[in-house]
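# A look at the structure
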Amino acid sequence: MTAVAALVCAVTLGACAQIPTSGPVRVGDASVDPQVDIALLPQGPALGAEPRGIVSGFLGAAVAATTSPKEYQTAREFLTEDAVETWDPEGSVRVVREPPLLEPLESSVDIKDDETVEVAARATTIATLDTTGAYTEVGNPRELSYRFTLTKVGGEWRISGLDNGVLVPANLFANQFRATRLYFPAEGAIKSFVPDLRWFPRQSWRRDAVQELLAGPPEWLQGATRSLVPEGTQLVSPSIQDTDGDEPVSIRLSDQISTAAAAERSVIAAQISATLSEGAGRTVSVDLFSGTNRLSVDETDVDLPATIVQAMTLQDDQLYRVEDGRLVEHDVPVDLSALDPTALALSPATTPIVVRDGTDQIVNVSSDDEDGPVTLIAGTDLAAPSVDKFGNTWSSGDTGELQVSTKTVEVVEVEPEWLSGRKVISVSVSPEGSRIAVVSQAPTGTQVQVAGIVRNDQDVPVSLASPIAVAAPVGRVEEARWSGLTTLALLASDGEGTSGVWTAGVGGLPGAGGQSKQLPGLTDVEQLAAGVTDQGIMVITKDGDLEHEETGVWQPLAEDVDLVAYPG
């Protein structure tokens, strides 16, 4: 039996399927796949197993542990007592393209007489998970060798030396780890929730998710979101049990939670409820406890990111709304006669409507100024604009900076250190206004990064948090737009006239491996538009055809269209 087949058998033989639960929780986020729970029950080491069989069995048992009721107990049976004490399975999770391939033992090895041997496994890492469940794609995947030292214990081979963590084949990753969005209150608007996608072992995902909520926002959302949880609050129950029907889930916390004000407790409960509702097909309500005392929690309405205004197109200097698959003339009069519109953007609040005039200025074409369109930003080779929910218009500036035109038409510069030396070519602010996706170029290549937006009391941006990288394997990205709660649509080209659309998760995509993926069917995309809405992604081809993506198929909507944009 080959090593690949051995690993697959070790993971799948004896597996017991449980009843799956599925269904979208939040309307308008097409990136959410049904969540299916399958428990894998691995086998321990067989008597007389040879070294490669021990390593193969261990790899399978370690992968299966995240859904097995025994967790890592079976995997540890393949280790020596000393290795059991030192091995940390959660120290590193590497998502590998294929099951690890075990190399043959060296010809000089005699497993009958030798007391110690070494077995090597080769695998290509495509993504990693850190200890908080944060997912990061590897930009340039390459095959690496992982070495296992084995020692005879009572005549049986056991692993005595190995790296921390586990290797999870991409085709098993989404079954073993559950994609779960955590929700954090926006700074300045605590009832506006900002999602952060994590991956947790399916056996313990509820407990892990609540613990990470209590820990507060990640670094990339610092300053854009906040925590209402009193410092020192801990989860005191070893697990969180789901309930049937409408029964609330009990969340038992340490005494510090009782110091939170009533309004804050309501938001904390709503955070946990929104997180536990992911993939459940229903709203999961929660009861908060301080120790054994149930706390009074009022229901509260919260907002999740959503694009609530229809997409708009520009055709023959006339604006149109996209309604039910057809173009309807817009009722906002605009004068574009003196402009060369090359990009379109509109506010989630309907106005302003702005266009990029050529490549050197961004103008408000919905202004009622008697002198016509008002210049908002001027510069050289400006990125297509993005208008946030507060009415601020974003574009690029000189190398290493963004320019933002505020509601008072004052231009402020945002210069995060991580953009130093890079030219911004695309900006897109998320619907709730707390996150920004930035595509930038440097001689070393193109990067897609997402960061939290730090604002002042007037909702004017003052800085960006440290970013996270998105879609590292996707080359030559030209444009990024929000297409889901935690998903970006990307326009990428090969530099030779071929261009297409990708989707990438901010924290991974639900599905096998969590990787970015290309949407099939189009190779001549000129412009991209997307929103957090069930209308889906729209593109304009090089021939001017407006097309709409629906369940993986591109549907034509109109011809001879110049520009298209969703709010944002």
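Presented here is an overview of the structure given in this document. Since the structure is predicted, the reported quantities are computational estimates derived from the model, not experimental observations.

The rules behind the values
Residues numbered from 1 in each chain as written. Predicted model: local features only at pLDDT ≥ 70, side-chain atom pairs only at ≥ 80, totals over all residues. Heavy atoms only, no water. Helix = DSSP H or I, 4+ residues; strand = E, 2+ residues; numbered from the N terminus. Rg over C-alpha atoms; globule rule 2.2 N^0.38 Å. Contact = heavy atoms within 4.5 Å. Areas by Shrake-Rupley, 256 points an atom, 1.4 Å probe, with all protein chains shown as cover. Lys, Arg positive; Asp, Glu negative; His and termini not counted. Charge placed at Lys NZ, Arg CZ, Asp CG, Glu CD. Expected span 1.5 Å × (residues − 1). Buried < 20%, exposed > 50% of the residue type's maximum accessible area, 1.4 Å probe, protein only. Polar contact = N/O pair within 3.5 Å; in protein donor to acceptor, adjacent residues only side chain to side chain. 1 Å grid on protein atoms, 1.4 Å probe; cavity = no way out; pocket = protein on both sides within 12 Å on 5 of 7 lines; lining within 4 Å. Points joined across faces, edges and corners; volume = space filled by probe spheres on them. Nonpolar A, V, L, I, M, F, W, Y, C, P; charged D, E, K, R; others polar. Patch = residues over 30% accessible without salt bridge, like charges linked within 9 Å, V, L, I, M, F, W, Y side chains within 5 Å. Salt bridge = Lys/Arg side-chain N within 4 Å of Asp/Glu carboxyl O.

## Here's the deal with the overall build of the protein
- Assigned secondary structure in the protein consists of 7 helices and 39 strands.
- For 568 residues, the compact-globule estimate of 2.2 N^0.38 gives 24 Å, and the C-alpha radius of gyration of the protein, at 26 Å, lies within 12% of that figure.
- Overall, the protein is about 90 × 60 × 40 Å in size when its C-alpha atoms are taken along their principal axes.
- Nonlocal contacts in the protein, meaning residues at least 24 apart in sequence, comprise 57% of its contacts between residues at least 6 apart.
- Only carbon and sulfur atoms are counted for the fraction: they give 45% of the accessible area of the protein, which is about 24,500 Å².
- Averaging the positions of the 37 positive and the 82 negative side-chain charges in the protein gives two centres separated by 8 Å.

## Quick look at helix 2 (residues 51-64)
- For helix 2, built from 14 residues, the straight-helix expectation of 20 Å at 1.5 Å per residue is met to within 8% by its first-to-last C-alpha distance of 20 Å.
- Of all 14 residues in helix 2, 12 are buried; the element is thus mostly enclosed.

## Regarding the side chain of Thr 243
- Looking at where Thr 243 falls in the secondary structure, it is placed in the loop between helix 6 (205-215) and strand 12 (249-253).
- Side-chain polar atoms of Thr 243 contact the backbone oxygen of Glu 247, separated by 2.5 Å.
- Every residue in contact with Thr 243, bar those within four places of it in the chain, is listed here: Pro 248, Val 249 and Arg 282.

## Describing empty space enclosed by the protein
- All told, the structure shown has 4 cavities of 30 Å³ or more when counted by the stated rule.
- By volume, the largest cavity amounts to about 120 Å³.
- Lining the largest cavity are 15 residues, with Leu 59, Phe 148, Asp 163, Gly 165 and Leu 167 sitting closest to its centre.
- Of all elements in the fold, only helix 2, strand 7 (143-153) and strand 9 (166-169) reach the threshold of two or more residues within the lining of the largest cavity.
- Top contributing element to the lining of the largest cavity by residue count: helix 2, with 4 residues.
- Looking at the lining of the largest cavity residue by residue, the class counts come to 10 nonpolar, 2 polar and 3 charged.

## Concerning the environment of Gln 449
- Inspection of the secondary structure puts Gln 449 in strand 28 (residues 445-455).
- For the pair Gln 449 and Val 470, spaced 21 residues apart in sequence, the C-alpha separation works out to 5.6 Å.
- If near-sequence neighbours (up to four positions away) are discounted, Gln 449 is found in contact with Trp 418, Ile 436, Ala 437, Val 438, Ser 440, Pro 467 and Ile 468.
- For Gln 449, the side chain forms a polar contact with the side chain of Gln 447, separated by 3.4 Å.

## Some remarks on a negative patch on the surface
- Together, Asp 316, Asp 317, Asp 335, Glu 559, Asp 560 and Asp 562 make up a region of like negative charge exposed at the surface.
- Here Asp 562 is to be found in the loop between strand 38 (553-558) and strand 39 (563-565).

## A few points about the environment of Gly 544
- As for its position among the elements, Gly 544 is in the loop between strand 36 (538-541) and strand 37 (546-550).
- Note: C-alpha distance between Gly 544 and Gln 315 (229 residues apart in sequence) is 9.8 Å.
- Excluding its chain neighbours within four sequence positions, the residues that come into contact with Gly 544 are Ala 558, Glu 559, Asp 560 and Val 561.

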